[in-house]
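Here's the letter readout for the chains.
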Amino acid sequence: MSLILTEIRDTMAIIVMNHVQKRNALSETLIDEITLALTSFRESNIRAVILRAPAGVKVWSAGHDVSELPNRGRDPLGWSDSLRVLVRAIQEFPAPVIALIEGGVWGGGCEVAMACDILVTTPDATFAITPAKLGVPYNLGGILTLMNMIPLPVAKEMLFTAQPIPASQALNLGIINYIKPSEEIESFVYALAAHIAANSPLSIAVMKEELRLLASAHAITPELFERIQGLRRIVYDSQDYQEGLNAFREKRKPRFQGK
Ligand code: YXS
(Lines give C-alpha, C1' and ligand atoms only; values in the text may rest on other atoms or scores of the structure.)
Protein backbone atom coordinates (compact mmCIF):
# COMPACT_ATOMS: atom_id res chain seq x y z
CA MET A 1 0.00 0.00 0.00
CA SER A 2 1.40 3.41 -0.97
CA LEU A 3 2.37 5.74 1.87
CA ILE A 4 1.61 8.87 -0.16
CA LEU A 5 -1.27 10.16 -2.24
CA THR A 6 -0.54 12.35 -5.25
CA GLU A 7 -2.76 14.55 -7.39
CA ILE A 8 -2.02 16.70 -10.42
CA ARG A 9 -4.17 19.73 -11.11
CA ASP A 10 -3.09 21.26 -14.43
CA THR A 11 0.51 22.42 -13.74
CA MET A 12 0.26 22.04 -9.94
CA ALA A 13 0.96 18.79 -8.04
CA ILE A 14 0.02 17.72 -4.53
CA ILE A 15 1.85 15.12 -2.42
CA VAL A 16 0.04 13.94 0.70
CA MET A 17 2.24 12.08 3.20
CA ASN A 18 -0.28 9.47 4.29
CA HIS A 19 1.46 7.14 6.77
CA VAL A 20 -0.69 8.47 9.59
CA GLN A 21 -0.41 5.49 11.92
CA LYS A 22 3.34 6.06 12.05
CA ARG A 23 2.78 9.84 12.22
CA ASN A 24 4.46 10.22 8.82
CA ALA A 25 7.80 9.10 10.25
CA LEU A 26 10.23 9.70 7.38
CA SER A 27 11.01 6.07 6.60
CA GLU A 28 13.06 5.07 3.58
CA THR A 29 9.87 3.80 1.91
CA LEU A 30 7.95 7.04 2.48
CA ILE A 31 10.89 9.13 1.28
CA ASP A 32 11.45 6.94 -1.79
CA GLU A 33 7.81 7.46 -2.78
CA ILE A 34 8.05 11.23 -2.36
CA THR A 35 11.29 11.49 -4.35
CA LEU A 36 9.86 9.22 -7.07
CA ALA A 37 6.82 11.51 -7.32
CA LEU A 38 9.04 14.59 -7.57
CA THR A 39 11.06 12.92 -10.34
CA SER A 40 7.87 12.15 -12.27
CA PHE A 41 6.67 15.76 -11.79
CA ARG A 42 9.89 17.01 -13.41
CA GLU A 43 8.80 15.35 -16.66
CA SER A 44 5.23 16.64 -16.44
CA ASN A 45 5.80 20.43 -16.58
CA ILE A 46 4.75 20.84 -12.94
CA ARG A 47 5.23 24.45 -11.86
CA ALA A 48 4.34 24.22 -8.17
CA VAL A 49 4.24 21.32 -5.69
CA ILE A 50 2.30 21.22 -2.42
CA LEU A 51 3.66 18.87 0.27
CA ARG A 52 1.14 18.09 3.01
CA ALA A 53 -0.35 15.49 5.31
CA PRO A 54 -4.07 14.59 5.35
CA ALA A 55 -6.34 17.45 6.46
CA GLY A 56 -6.80 17.67 10.21
CA VAL A 57 -3.74 15.65 11.29
CA LYS A 58 -2.21 16.24 14.70
CA VAL A 59 1.29 15.38 13.42
CA TRP A 60 2.56 16.57 10.01
CA SER A 61 5.69 14.43 10.38
CA ALA A 62 7.35 12.75 13.35
CA GLY A 63 10.74 13.15 11.70
CA HIS A 64 13.31 10.53 10.76
CA ASP A 65 12.10 6.98 11.30
CA VAL A 66 14.06 6.21 14.45
CA SER A 67 13.83 2.48 13.81
CA GLU A 68 15.95 3.07 10.70
CA LEU A 69 18.71 4.99 12.48
CA PRO A 70 21.87 2.89 12.66
CA ASN A 71 23.24 1.70 15.99
CA ARG A 72 26.31 3.49 17.28
CA GLY A 73 29.44 3.42 15.13
CA ARG A 74 27.84 4.61 11.90
CA ASP A 75 26.98 8.15 10.80
CA PRO A 76 23.16 8.33 11.11
CA LEU A 77 22.89 11.25 8.69
CA GLY A 78 25.39 10.54 5.94
CA TRP A 79 25.07 11.82 2.39
CA SER A 80 22.92 8.90 1.20
CA ASP A 81 20.66 8.82 4.28
CA SER A 82 17.08 9.02 3.04
CA LEU A 83 16.35 12.24 4.99
CA ARG A 84 19.31 13.91 3.28
CA VAL A 85 18.11 12.61 -0.10
CA LEU A 86 14.64 14.09 0.47
CA VAL A 87 15.92 17.50 1.61
CA ARG A 88 18.11 17.74 -1.50
CA ALA A 89 15.26 16.57 -3.77
CA ILE A 90 13.04 19.38 -2.47
CA GLN A 91 15.77 22.03 -2.64
CA GLU A 92 16.81 20.98 -6.15
CA PHE A 93 13.29 20.57 -7.57
CA PRO A 94 13.03 23.17 -10.39
CA ALA A 95 9.79 24.70 -9.15
CA PRO A 96 8.56 25.99 -5.76
CA VAL A 97 7.56 23.40 -3.16
CA ILE A 98 4.97 24.76 -0.71
CA ALA A 99 4.65 23.07 2.69
CA LEU A 100 1.02 23.00 3.85
CA ILE A 101 1.44 22.21 7.53
CA GLU A 102 -1.09 21.18 10.18
CA GLY A 103 -0.04 19.70 13.52
CA GLY A 104 3.37 18.93 14.98
CA VAL A 105 6.58 18.85 12.95
CA TRP A 106 9.39 16.89 14.65
CA GLY A 107 13.09 16.37 14.13
CA GLY A 108 14.12 15.86 10.54
CA GLY A 109 10.52 16.76 9.60
CA CYS A 110 11.43 20.35 10.50
CA GLU A 111 14.31 20.25 8.06
CA VAL A 112 12.04 18.81 5.34
CA ALA A 113 9.51 21.59 5.98
CA MET A 114 12.25 24.23 6.04
CA ALA A 115 13.74 22.87 2.82
CA CYS A 116 10.45 23.83 1.20
CA ASP A 117 10.26 27.24 -0.44
CA ILE A 118 7.10 28.58 1.18
CA LEU A 119 5.53 27.40 4.44
CA VAL A 120 1.87 27.89 5.33
CA THR A 121 0.57 26.44 8.60
CA THR A 122 -2.54 26.28 10.72
CA PRO A 123 -2.40 27.97 14.15
CA ASP A 124 -1.85 24.61 15.93
CA ALA A 125 1.36 23.82 14.06
CA THR A 126 4.55 23.44 16.09
CA PHE A 127 8.21 22.83 15.22
CA ALA A 128 10.56 20.76 17.40
CA ILE A 129 14.16 20.06 16.33
CA THR A 130 15.17 17.00 18.33
CA PRO A 131 18.73 15.68 17.77
CA ALA A 132 19.66 16.60 21.35
CA LYS A 133 16.75 14.54 22.69
CA LEU A 134 18.06 11.45 20.90
CA GLY A 135 21.79 12.09 21.11
CA VAL A 136 22.12 12.52 17.34
CA PRO A 137 25.01 14.62 15.92
CA TYR A 138 23.13 16.59 13.29
CA ASN A 139 25.02 16.88 10.01
CA LEU A 140 26.55 20.03 8.53
CA GLY A 141 24.13 20.34 5.59
CA GLY A 142 21.20 20.01 7.96
CA ILE A 143 22.58 22.63 10.31
CA LEU A 144 23.01 24.97 7.32
CA THR A 145 19.38 24.42 6.24
CA LEU A 146 18.30 25.45 9.73
CA MET A 147 20.77 28.37 9.95
CA ASN A 148 19.40 29.75 6.68
CA MET A 149 15.86 29.67 8.05
CA ILE A 150 16.11 30.48 11.75
CA PRO A 151 17.86 33.39 13.54
CA LEU A 152 20.94 31.91 15.27
CA PRO A 153 19.86 32.40 18.92
CA VAL A 154 16.53 30.74 18.18
CA ALA A 155 18.17 27.96 16.14
CA LYS A 156 20.45 27.30 19.14
CA GLU A 157 17.51 27.30 21.56
CA MET A 158 15.55 24.87 19.34
CA LEU A 159 18.58 22.58 18.87
CA PHE A 160 19.66 22.67 22.54
CA THR A 161 16.19 22.33 24.15
CA ALA A 162 14.53 20.06 21.51
CA GLN A 163 11.32 21.80 22.61
CA PRO A 164 8.55 22.77 20.14
CA ILE A 165 7.99 26.39 19.13
CA PRO A 166 4.47 27.48 18.15
CA ALA A 167 3.45 28.64 14.68
CA SER A 168 2.96 32.18 16.01
CA GLN A 169 6.64 32.40 16.99
CA ALA A 170 7.70 30.82 13.69
CA LEU A 171 5.66 33.46 11.84
CA ASN A 172 7.17 36.31 13.88
CA LEU A 173 10.63 34.99 13.04
CA GLY A 174 9.88 34.69 9.34
CA ILE A 175 10.35 30.91 9.37
CA ILE A 176 6.84 30.47 7.95
CA ASN A 177 5.05 32.72 5.47
CA TYR A 178 1.43 32.52 6.67
CA ILE A 179 -0.81 31.10 9.39
CA LYS A 180 -4.29 30.26 8.10
CA PRO A 181 -7.29 28.67 9.85
CA SER A 182 -7.77 25.00 8.98
CA GLU A 183 -10.96 25.77 7.03
CA GLU A 184 -9.10 28.27 4.81
CA ILE A 185 -5.59 26.88 4.47
CA GLU A 186 -6.20 24.52 1.56
CA SER A 187 -7.87 27.07 -0.73
CA PHE A 188 -5.27 29.69 0.26
CA VAL A 189 -2.31 27.41 -0.55
CA TYR A 190 -3.85 26.17 -3.80
CA ALA A 191 -4.49 29.77 -4.92
CA LEU A 192 -0.89 30.70 -4.02
CA ALA A 193 0.37 27.75 -6.05
CA ALA A 194 -1.84 28.79 -8.98
CA HIS A 195 -0.37 32.32 -8.90
CA ILE A 196 3.14 30.85 -9.05
CA ALA A 197 2.19 28.40 -11.80
CA ALA A 198 0.95 31.30 -13.96
CA ASN A 199 4.36 32.99 -13.85
CA SER A 200 7.43 32.13 -15.88
CA PRO A 201 8.61 28.63 -14.87
CA LEU A 202 12.06 29.22 -16.35
CA SER A 203 12.57 32.47 -14.47
CA ILE A 204 11.35 30.93 -11.21
CA ALA A 205 13.46 27.79 -11.64
CA VAL A 206 16.65 29.77 -12.16
CA MET A 207 15.92 32.12 -9.24
CA LYS A 208 15.19 29.14 -6.95
CA GLU A 209 18.52 27.56 -7.95
CA GLU A 210 20.38 30.88 -7.56
CA LEU A 211 18.99 31.23 -4.02
CA ARG A 212 19.91 27.62 -3.20
CA LEU A 213 23.47 28.00 -4.46
CA LEU A 214 24.01 31.33 -2.70
CA ALA A 215 22.47 30.05 0.55
CA SER A 216 24.84 27.05 0.52
CA ALA A 217 27.90 29.07 -0.59
CA HIS A 218 30.08 28.73 2.51
CA ALA A 219 33.85 28.34 2.24
CA ILE A 220 34.90 25.31 4.30
CA THR A 221 38.45 24.00 4.36
CA PRO A 222 39.20 20.26 4.27
CA GLU A 223 40.74 20.64 7.73
CA LEU A 224 37.55 22.29 9.07
CA PHE A 225 35.39 19.58 7.47
CA GLU A 226 37.55 16.80 8.91
CA ARG A 227 37.50 18.41 12.36
CA ILE A 228 33.69 18.53 12.31
CA GLN A 229 33.42 14.95 11.03
CA GLY A 230 35.75 13.87 13.84
CA LEU A 231 33.60 15.62 16.43
CA ARG A 232 30.44 14.05 14.97
CA ARG A 233 32.06 10.61 15.01
CA ILE A 234 32.74 10.93 18.73
CA VAL A 235 28.98 11.45 19.19
CA TYR A 236 27.67 8.68 16.96
CA ASP A 237 30.29 6.30 18.44
CA SER A 238 29.14 7.23 21.96
CA GLN A 239 27.15 5.30 24.52
CA ASP A 240 24.84 8.33 24.73
CA TYR A 241 23.86 7.99 21.06
CA GLN A 242 23.00 4.32 21.64
CA GLU A 243 21.14 5.26 24.84
CA GLY A 244 19.05 7.78 22.89
CA LEU A 245 18.03 5.11 20.38
CA ASN A 246 17.38 2.51 23.10
CA ALA A 247 15.27 4.92 25.15
CA PHE A 248 13.12 5.78 22.13
CA ARG A 249 12.63 2.13 21.24
CA GLU A 250 11.82 1.27 24.88
CA LYS A 251 9.49 4.30 25.11
CA ARG A 252 11.35 5.74 28.15
CA LYS A 253 13.33 8.88 28.95
CA PRO A 254 17.03 8.63 28.02
CA ARG A 255 19.70 8.85 30.74
CA PHE A 256 22.67 10.59 29.08
CA GLN A 257 26.09 10.21 30.78
CA GLY A 258 28.10 12.47 28.49
CA LYS A 259 30.16 9.61 27.12
O1 YXS B 1 4.09 2.03 18.87
P2 YXS B 1 3.61 2.01 17.42
O3 YXS B 1 4.12 0.85 16.61
O4 YXS B 1 2.13 2.27 17.28
O5 YXS B 1 4.30 3.30 16.72
C6 YXS B 1 4.07 4.57 17.28
C7 YXS B 1 5.41 5.28 17.30
O8 YXS B 1 6.49 4.44 17.68
C9 YXS B 1 5.55 5.65 15.84
N10 YXS B 1 6.47 6.78 15.67
C11 YXS B 1 7.68 6.68 15.11
N12 YXS B 1 8.34 5.62 14.60
C13 YXS B 1 9.59 5.87 14.12
N14 YXS B 1 10.19 7.08 14.12
C15 YXS B 1 9.53 8.15 14.60
N16 YXS B 1 10.13 9.35 14.55
C17 YXS B 1 8.23 7.98 15.14
N18 YXS B 1 7.32 8.80 15.74
C19 YXS B 1 6.25 8.05 16.04
O20 YXS B 1 4.25 6.03 15.42
C21 YXS B 1 3.27 5.35 16.25
C22 YXS B 1 2.36 6.38 16.88
O23 YXS B 1 3.19 7.16 17.71
P24 YXS B 1 2.65 7.72 19.12
O25 YXS B 1 1.77 6.70 19.76
O26 YXS B 1 3.81 8.24 19.86
O27 YXS B 1 1.73 8.95 18.59
P28 YXS B 1 1.26 10.21 19.44
O29 YXS B 1 0.22 10.88 18.60
O30 YXS B 1 0.96 9.83 20.83
O31 YXS B 1 2.56 11.15 19.51
C32 YXS B 1 3.02 11.73 18.31
C33 YXS B 1 4.46 12.22 18.55
C34 YXS B 1 5.03 12.73 17.21
C35 YXS B 1 4.47 13.36 19.60
C36 YXS B 1 5.30 11.03 19.08
O37 YXS B 1 5.11 9.94 18.21
C38 YXS B 1 6.77 11.36 19.11
O39 YXS B 1 7.25 12.12 20.00
N40 YXS B 1 7.51 10.86 18.08
C41 YXS B 1 8.95 11.09 18.00
C42 YXS B 1 9.23 12.53 17.55
C43 YXS B 1 10.75 12.71 17.45
O44 YXS B 1 11.46 12.79 18.45
N45 YXS B 1 11.25 12.70 16.20
C46 YXS B 1 12.69 12.79 15.93
C47 YXS B 1 13.11 11.53 15.18
S48 YXS B 1 14.86 11.54 14.93
C49 YXS B 1 15.08 12.69 13.74
O50 YXS B 1 14.16 13.19 13.13
C51 YXS B 1 16.47 13.14 13.42
C52 YXS B 1 17.44 12.01 13.27
S53 YXS B 1 17.04 14.22 14.68
O54 YXS B 1 16.87 13.51 15.94
O55 YXS B 1 18.40 14.49 14.39
O56 YXS B 1 16.23 15.40 14.58
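Up top you'll find the structure we're talking about.
Worth saying up front: this structure is predicted, and the values here are computed from it rather than measured. (Residues numbered from 1 in each chain as written. Predicted model: local features only at pLDDT ≥ 70, side-chain atom pairs only at ≥ 80, totals over all residues. Heavy atoms only, no water.)

Peer 1: Would you mind going over the pairing of strand β3 (residues 48-52) in detail, with residue names and values included?
Peer 2: Regular strands show a simple pattern: their side chains alternate between the two faces of the sheet. Of all five residues in β3, five are buried; the element is thus mostly enclosed. Residues of β3 alternate between two faces, with Ala48, Ile50 and Arg52 on one and Val49 and Leu51 on the opposite face, all of them buried. Pairing analysis gives five bridges linking strand β2 (residues 12-17) to β3, with the strands arranged parallel. Along β3, the bridge assignment pairs Ile15 with Leu51. Running through helix α1 (residues 28-42), the crossover from β2 to the neighbouring parallel element β3 is right-handed. In terms of strand pairing, β3 meets strand β5 (residues 97-101) through four bridges, oriented parallel. The partner of Ile50 across the bridge, within β5, is Ile98. (Buried < 20%, exposed > 50% of the residue type's maximum accessible area, 1.4 Å probe, protein only. Helix = DSSP H or I, 4+ residues; strand = E, 2+ residues; numbered from the N terminus. Pairing = 2+ DSSP bridges. Right-handed = clockwise from strand over helix to strand, strands pointing away.)

Peer 1: I'd like a description of unusual backbone geometry, backed by residues and values.
Peer 2: It is generally the case that most residues other than glycine have a negative phi and that most peptide bonds are trans. A positive phi angle, near 60°, is found at Asp10, a position not held by glycine. Mapped onto the fold, Asp10 is located in the loop between β1 (4-9) and β2. Residue classification places Asp10 among the exposed residues on the basis of a relative accessible area of 72%. The backbone of Arg23 sits at a positive phi, close to 55°, despite the residue not being glycine. Counting through the fold element by element, Arg23 comes out in the loop between β2 and α1. Relative accessible area serves as the criterion here: at 44%, Arg23 is assigned to the partly exposed category.

Peer 1: Quick one: what's the story with the site of the ligand, residue by residue and with numbers?
Peer 2: The immediate surroundings of the ligand are formed by 21 residues, with Arg23, Ala62, His64, Val66 and Gly108 found nearest. Residue His64 places a main-chain N or O atom 2.8 Å away from an oxygen atom belonging to the ligand. Note that an oxygen atom of the ligand is positioned 3.2 Å from one of the side-chain N or O atoms of Thr130. Burial of the ligand by the surrounding chains reaches 72%, relative to a free accessible area of 1000 Å². The element contributing the most residues to the shell around the ligand is helix α4 (residues 131-134), with three residues. (Near = heavy atom within 4 Å. Polar contact = N/O pair within 3.5 Å; in protein donor to acceptor, adjacent residues only side chain to side chain. Areas by Shrake-Rupley, 256 points an atom, 1.4 Å probe, with all protein chains shown as cover.)

Peer 1: Give a description of the nonpolar core that names residues and reports values.
Peer 2: Counting 59 residues, the largest nonpolar core has Trp60 and Phe127 as the members making the most contacts within it. Per element, the largest residue contribution to this core is six residues, and it comes from α1. Counting residues in hydrophobic clusters, the runner-up holds 16 residues, among them Ile118, Val189, Ile196 and Ile204. (Core = buried A, V, L, I, M, F, W, Y, C linked by side-chain atoms within 4.5 Å.)

Peer 1: Tell me about the sheet that holds strand β7 (residues 118-121), and name the residues and values.
Peer 2: Taken together, the six strands give an open sheet; going across it, the order is β1-β2-β3-β5-β7-β10, and neighbouring strands pair in mixed fashion. In this open sheet, the two edge strands, each paired with only one partner strand, are β1 and β10 (178-179). In the packing of helix α8 (residues 182-197) onto the sheet, the strands contacted are β1, β2, β3, β5, β7 and β10, and the crossing angle to β5 comes to about 175°. (Contact = heavy atoms within 4.5 Å. Axes fitted to C-alpha atoms, helices over the stretch in contact; angles between N-to-C directions.)

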